[in-house]
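Chain by chain, the residues run as shown.
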Amino acid sequence: MKIHEKYIKRCIQLAKNGLGTTYPNPMVGSVIVYNDTIIGEGWHQKAGEPHAEVNAINSVKDKSLLKDAIIYVSLEPCSHYGKTPPCANLIVESGIKKVVIGIIDSNSEVCGRGILHLQKNGCDVIIGVLEQECYHLNKRFFTYHQKQRPFIILKWAETKDKFIDKKREKGGSNSPNWISNKYSQQLVHKMRAEEQAILVGTNTALNDNPSLTVRDWCGENPIRILIDKNLKVPKDCNLLDDSVKTVVLTNKLPEKSLFKNTYFEKINFSENVPQQIIKILYKYKIQSVLIEGGAYTLKAFIDKGLWDEAYVFEGNTNFKYGLKAPKFKKAPSEIRKISDDTLYIYKNS
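Now for a description of the structure that goes with this document. Source: prediction; values computed, not measured.

## Some words on the side chain of Arg140
Next, step 1: Checked against the element boundaries, Arg140 lands in helix H6 (residues 139–147).
Next, step 2: You can call Arg140 buried: its relative accessible area is 9%.

## Some thoughts on the environment of Arg149
Next, step 1: Within the secondary structure, Arg149 is located in the loop between H6 and strand E6 (151–158).
Next, step 2: According to the relative accessible area criterion, Arg149 is buried, its value standing at 9%.
Next, step 3: Expressed as a C-alpha distance, the spacing of Arg149 and Ile286, which sit 137 residues apart in the sequence, is 8.0 Å.
Next, step 4: For Arg149, the residues in contact, after removing those within four places along its chain, are Thr143, Tyr144, Ile278, Tyr282, Leu306 and Asp308.
Next, step 5: Within the local environment of Arg149, its side chain forms a polar contact with the side chain of Asp308, the two groups lying 2.8 Å apart.

## As for the nonpolar core
Next, step 1: Ile8, Ile32, Tyr72 and Val99 are the most contacted members of the largest nonpolar core, which has 39 residues in total.
Next, step 2: Per-element tally for this core: the top contributor is helix H1 (residues 2–15), with six residues.
Next, step 3: If we ignore the near neighbours within four places in the chain, the residues touching Tyr72 are Ile3, His4, Tyr7, Ile8, Cys11, Gly29, Ser30, Val31, Val33 and Val100.

## Brief notes about helix H9 (residues 273–283)
Next, step 1: Along H9, the positions that sit buried rather than exposed are Val273, Pro274, Gln276, Ile277, Ile278, Ile280 and Leu281.
Next, step 2: Among the residues of H9, the N-terminal cap falls to Asn272, whose side-chain oxygen and the backbone nitrogen of Gln275 are separated by 3.1 Å.
Next, step 3: A positive backbone phi angle near 60° is found at Lys285, which sits one or two residues after H9.

## Quick notes on the sheet that holds strand E8 (residues 197–200)
By way of backbone hydrogen bonds, the strands of a sheet pair with one another, either parallel or antiparallel.
Next, step 1: Spatial ordering of the open sheet is given by E11-E10-E9-E8-E12-E6-E13-E16-E15, a layout of nine strands whose pairing is mixed. In this open sheet, the two strands that pair with only one neighbour each are strand E11 (262–266) and strand E15 (334–338). Shown here is a sheet whose adjacent strand axes are inclined to one another by a mean of 20°, direction ignored.
Next, step 2: Where E15 and strand E16 (residues 341–347) come together, five bridges link them in antiparallel fashion. In the sheet register, Arg336 faces E16, and the bridge partner there is Leu343.
Next, step 3: The sheet contacts of helix H7 (residues 182–194) involve E6, E8, strand E12 (288–293), strand E13 (309–314), E15 and E16, and relative to E13 the element is tilted by about 160°.
Next, step 4: Contacting E6, E8, strand E9 (223–227), strand E10 (246–250), E11 and E12, H9 crosses the sheet at an angle of about 135° to E11.

## Comments concerning empty space enclosed by the protein
Next, step 1: With the rule as written, the count across this model stands at one cavity of 30 Å³ or more.
Next, step 2: In this structure, the largest cavity occupies an estimated 80 Å³ of space.
Next, step 3: Looking at the largest cavity, it is lined by 13 residues, and the ones nearest its centre are Thr22, Tyr23, Asn25, Met27 and Arg140.
Next, step 4: Taken together, the residues of the lining of the largest cavity sort by class into five nonpolar, seven polar and one charged.

## A closer look at the packing of aromatic side chains
Next, step 1: On inspection of all chains with the given rule, the structure shows nine aromatic pairs.
Next, step 2: Directly above the ring of Phe319 sits Lys166, whose terminal nitrogen or CZ lies 5.1 Å from the centroid.
Next, step 3: Above the plane of the ring of Phe163 lies Lys324, whose end atom (NZ or CZ) is 4.5 Å from the centre.

## Focus: the pattern of salt bridges
Next, step 1: By the definition in use, this model includes 16 salt bridges.
Next, step 2: The residue Glu292 makes a salt bridge to Lys155 at a minimum N-O spacing of 3.8 Å. You can see Glu292 sitting in strand E12 and its partner Lys155 sitting in strand E6, a full 137 residues away along the chain. The same class applies to Glu292 as to Lys155, namely buried.
Next, step 3: In this structure, Lys283 and Glu265 form a salt bridge, with 2.9 Å as the shortest nitrogen-oxygen distance. Of this pair, Lys283 sits in helix H9 while Glu265 sits in strand E11, and the two are 18 residues apart along the sequence.

## Re the sheet that holds strand E4 (residues 98–103)
Next, step 1: What the five strands build is an open sheet, ordered E2-E1-E3-E4-E5; its pairing is mixed. Every interior strand has two partners, whereas the edge strands, strand E2 (37–43) and strand E5 (124–127), have only one. Neighbour-to-neighbour, the strand axes of the sheet open up by a mean angle of 15°, direction not taken into account.
Next, step 2: Pairing between strand E1 (residues 29–34) and E2: six bridges, direction antiparallel. Each bridged residue has a counterpart across the sheet, and for Ser30 the counterpart in E2 is Gly42.

## As for unusual backbone geometry
Next, step 1: Residue Pro24 follows Tyr23 across a cis peptide bond; omega there is 5°.
Next, step 2: Take Pro24: it is sitting in the loop between H1 and E1.
Next, step 3: Note the cis peptide between Gly293 and Gly294, where omega equals 0°.
Next, step 4: When you line up the elements, Gly294 lands in the loop between E12 and helix H10 (295–303).
Next, step 5: A positive phi angle, close to 60°, is found at Lys285, a residue other than glycine.
Next, step 6: Its location among the elements puts Lys285 in the loop between H9 and E12.
Next, step 7: We note that Lys320 has phi near 75°; this positive angle belongs to a residue other than glycine.

Each value, and the rule that gives it
- Residues numbered from 1 in each chain as written.
- Predicted model: local features only at pLDDT ≥ 70, side-chain atom pairs only at ≥ 80, totals over all residues.
- Heavy atoms only, no water.
- Helix = DSSP H or I, 4+ residues; strand = E, 2+ residues; numbered from the N terminus.
- Buried < 20%, exposed > 50% of the residue type's maximum accessible area, 1.4 Å probe, protein only.
- Contact = heavy atoms within 4.5 Å.
- Polar contact = N/O pair within 3.5 Å; in protein donor to acceptor, adjacent residues only side chain to side chain.
- Core = buried A, V, L, I, M, F, W, Y, C linked by side-chain atoms within 4.5 Å.
- Pairing = 2+ DSSP bridges.
- Axes fitted to C-alpha atoms, helices over the stretch in contact; angles between N-to-C directions.
- 1 Å grid on protein atoms, 1.4 Å probe; cavity = no way out; pocket = protein on both sides within 12 Å on 5 of 7 lines; lining within 4 Å.
- Points joined across faces, edges and corners; volume = space filled by probe spheres on them.
- Nonpolar A, V, L, I, M, F, W, Y, C, P; charged D, E, K, R; others polar.
- Phe/Tyr/Trp six-rings, centres within 6.5 Å; stacked < 30°, edge-to-face > 60°.
- Lys NZ or Arg CZ within 6 Å of the ring centre and 35° of its normal.
- Salt bridge = Lys/Arg side-chain N within 4 Å of Asp/Glu carboxyl O.

Structure (structure tokens):
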């Protein structure tokens, strides 16, 4: 089993190359081994493009070795026709007789069918190697399919004296009051590139006029989600520039919309708002969301226990007054130093 773990670990390493680019598909890595030597490897790079197993098989120079080789894959090979043909079929057609799989695919279109196809066609299949690590690799994908909601990540920056923002005078500047350092800010842009959507409330949009795009990192911009109960956010703000797909959650729909890339969804603000939000995100097939604020929005998700991970950046500064940061009753699972900032990571078990 140890030798199998070695190669599944390599599959996981390869799969991570697709972080942020494979939605709605999972991240998958695959290696092909002959006589304890890797002769081919690949990963799924982008939705609609060849899957990991296809890239691994295509990378093998001497195809005659495949009949005596083992293929390792971090997730069960697909068995249905989507944008690409089934990988389970390709494995059988290539002559490979032994398949080692990290974890079963929870997507109802696959979920054991790929394994069954392999077994029916004479393949020796081993399942459940580094299963926990393979689950964590695709925590967004599994949460989406198993819980019918996106994987929810909370993020905010707070001062040493636990303020998230200064109180602003009416008519004052809407420039952000920066708390974290430039390295933490760059990490946040990396996080944006890795998640499918990003969400803020009305006050954050009005006070900071954020773009919520990826600028200090390489990657695609997330879908922007704006909570705007009474449509207070002006049409000339950055979030409504129509440059990135945006969904506005509101109490009243506009009579007429000239937007081409901005959509409006009505919710009832007198009921469970976080639950309504995740239902809409699920409808839009969003597998992960980064909630950046503000304090009221973050607290609403915390109070409902509706979150999976939280990243709290503590800057090396004090405000002495202002808007208090949300609080967790539990201890952080991890603490990191980012120059003079401290990052606290929480996980909701």
